[in-house]
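# Results of the structural survey
This is what each chain is made of:
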Amino acid sequence: MADTIRTTCPYCGVGCGVVAQSGDDGWSVRGDPDHPANFGRLCVKGAALAETIGLEGRLLHPEWGGKPVAWDAALDMVADKFSAAVAEHGPDSVAFYVSGQLLTEDYYVANKLMKGFIGSGNIDTNSRLCMSSTVAGHVRAFGSDTVPGCYEDIEQADLVVLVGSNAAWCHPVIFQRLLAEKTRRPELRIVVVDPRRTATAECADLHLALRPGSDAILFNGLLAHLKGEEAEVECGVPLDQIVTFFSWFAETEKTVTLWSQGINQSSSGTDKVDAIINCHLQTGRIGRPGMGPFSLTGQPNAMGGREVGGLANMLAAHMGFDEASIDRVGRFWDSPRVATKPGLKAVDLFKAVKDGRIKALWVMATNPAVSLPEADLVRDAMAACDFVVLSDCEADTDSARLAHLRLPALAWGEKDGTVTNSERRISRQRPFLAPPGEAKPDWWIMSQVARRMGFGAAFAYESAADIFAEHCRLTAFENGGSRDLDLGGLIGVDYEALAPIQWPVRRPGEGTARMFGNGRFYHPDGKARMIAVEPRRPAAVADEALPLILNTGRSRDQWHTMTRTGRSPRLAAHAPEPVLSIHPADAIRFGLTDNGLARLGGRRASAVLRVALDAGLRRGEVFAPIHWTDRTASGAVVGMLIDAAVDPYSGQPELKHAPVMVEPYAAG
Ligand code: SF4
């Protein structure tokens, strides 16, 4: 194996290029100076990647009931259990729950097996928790799930508005690029819309600390202002700040509005997305340099999953479940039983597991027993399911403990494939480490199961390159260069020689930085849609018993449930334990002291966290990080405190707004 490998960071949707280099002290990593997402930069998580590649805690062999089992027996078991469930109860009695950590090729095979050959739409992904409201908002506004712009727009803008995005911590390299431009051009204005005074808000020219959930009121008011109408904007922000924001937005042609989970993770997330997009459509600020609405995706390959049908409501290659698409995919895959309707979205999928409708569940590279709302009920569901198989690189996640069968998958640095970042840029993840133990690529594991289920000819892949080539062919299959090709086409993209490139690729080597600059959208009449948004309050409200509102999010130096970042002492040093941030006045009200312990209680569960006073929070609101679990900190599973209210269009859960109580906690 070469001693210098170009690959892509496995954490966030910025999708930074990484150079891994072998030396006397093992492997080191640095930012890839030639990668257009980061031009050599890395954040602290990316810079610590080399500290996380050891084999401690790895799942290295298939295990049944905690005992090693041969691959052949394990694969036979999965095929038998899934086939038996389908034969007895029908195709909708089985489900896959997958992950934005999977590579596009893994996603493609998972989707093809479930939707194309088992014949059910029941494959959903943890990206449902991340950006599905943006997908739904894009489709309503543009007629397609398309991010209009590129990272360069952020540097070319004169006004950058960040809404519900702590990019300084969650998309750090994008934020570094923005701050570098602000240093070069101090007249570039930054507005942050966020209930909390985050690290991002600290750098803003204007911070609107709005009432949680009132984003649509703010952007509806902005839309009215842009149309020359009066509007009442009651969102908890002083009027002079609103006037300033509205006038800056109205007078600045080159405006980019970035958003992330503060918008998406809401029971009205799709409407909030469209309330933002409306303001860009009204002003024509889309698809041209330095302007546009821009969603930042959370995971490294949330976008890749969107391209190949990783969401239950998409078929493949950006196609939905219309008759023509079902027919087209069926003929391309040579499958007689393509699913004809969307499957269950994440929250509903686990409800179906709990009530026994799902008899066999396959979880890939994710930890739903922590990350989903009502995580305690998700655990009950997995424990009650007839058959749970989990493929992952980690041996001892909270979800792995609930699986009957565990299958060892390759990890970052070992696996080979592609990912797509927030600006539609496809990059390679390349291996530089030998596969440990008996670990295998996810696509290989699924293909082997598919062959045993009798679908062999369609899953005769020898490599990730084979799968990528098939995905590219599907984007061009029988669409005659029409809107579908324009939407997600990958023409002449060569896997082995792949340099980072933005889809659609209409001609070999020609990616597309911006979409919609010609004023043509993907609705049949070619026009975009402005969506009338009626603002709605969050689903759950505080009451006497649960008088505070819990907001959740990331710590700066951790990722998801810390299965990788938790291995780095350097990263752990920033926040060694879960911390509950609370306004000093609320701390006094509830008898809490800085650095003391607090019990944070919801309707069904509670967690114990260290208290940190934070005057940057609004009164009545607390904040807790999502990363710690009962595996890493006793009882600190924040997902158990959150009700499973979802957005009606996207199915995305409201992970940022849960009524809670707090009280001092005395250990012992
Ligand atoms: Fe990795 Fe995101 Fe950091 Fe880039 S910004 S190094 S992709 S975690």
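Residues numbered from 1 in each chain as written. Predicted model: local features only at pLDDT ≥ 70, side-chain atom pairs only at ≥ 80, totals over all residues.

### Some details on the overall build of the protein chain
Selection criterion: Each helix is a run of DSSP H or I of at least 4 residues and each strand a run of E of at least 2, with the numbering of both proceeding from the N terminus. Computation of the radius of gyration draws on C-alpha atoms, with the globule rule given as 2.2 Å multiplied by the number of residues to the power 0.38. Here, residue contact means that the backbone-derived C-beta atoms of the two residues sit within 7 Å.
Each helix and strand in the protein chain was counted, giving 22 helices and 24 strands. Over its C-alpha atoms the protein chain spans a radius of gyration of 24 Å, differing by no more than 12% from the 26 Å that the globule rule assigns to 668 residues. Considering only C-alpha atoms, the protein chain reaches an extent of 65 × 65 × 55 Å along its principal axes. Restricting to contacts in the protein chain with at least 6 residues of sequence separation, those with at least 24 account for 73%.

### Topic: the nonpolar core
Worth spelling out the cut-off: Think of a nonpolar core as buried Ala, Val, Leu, Ile, Met, Phe, Trp, Tyr and Cys residues chained together by C-beta atoms that fall within 7 Å. A residue is called partly exposed when the number of other C-beta atoms within 10 Å of its own lies between 12 and 20, exposed at 12 or fewer, and buried at 20 or more, with C-beta atoms placed from the backbone.
Counting 121 residues, the largest nonpolar core has Ala110, Leu361, Val388 and Val622 as the members making the most contacts within it. No other element matches helix α3 (residues 104-118), which puts eight residues into this core. Not counting the four nearest positions on each side in its chain, Val388 is found in contact with Leu361, Val363, Met382, Leu402, Ala403 and His404. In this structure, Val161, Trp169, Val192 and Ile242 belong to the second largest nonpolar core, which totals 76 residues.

### Notes on the domain arrangement of the protein chain
Put simply, the test is: Start and end positions for the domains come from either an automated domain assignment or a database one. Amino acids outside the nonpolar list (Ala, Val, Leu, Ile, Met, Phe, Trp, Tyr, Cys, Pro) and the charged list (Asp, Glu, Lys, Arg) are all regarded as polar, and Gly is one of them.
Looking at the protein chain, the domain boundaries give domain 1 (4-52), domain 2 (78-130 + 301-482), domain 3 (132-295) and domain 4 (548-664). On a C-alpha basis, the centroid separation for the pair domain 2 and domain 3 is 33 Å. Counting residues at the interface gives nine residues for domain 2 and eight residues for domain 3. Looking at the side of domain 2 that touches domain 3 residue by residue, the classes come out as two nonpolar, three polar and four charged.

### Quick word on unusual backbone geometry
Following Trp503, the chain continues to Pro504 via a peptide bond in cis, the omega torsion being -5°. Topologically, Pro504 is positioned in the loop between β18 (501-502) and β19 (548-553). With a phi angle near 45°, Phe39 is a residue other than glycine that sits in the positive phi range. Residue position: Phe39 is located in the loop between β3 (26-31) and α1 (44-47). By the C-beta count within 10 Å, which is 15 here, Phe39 ends up partly exposed.

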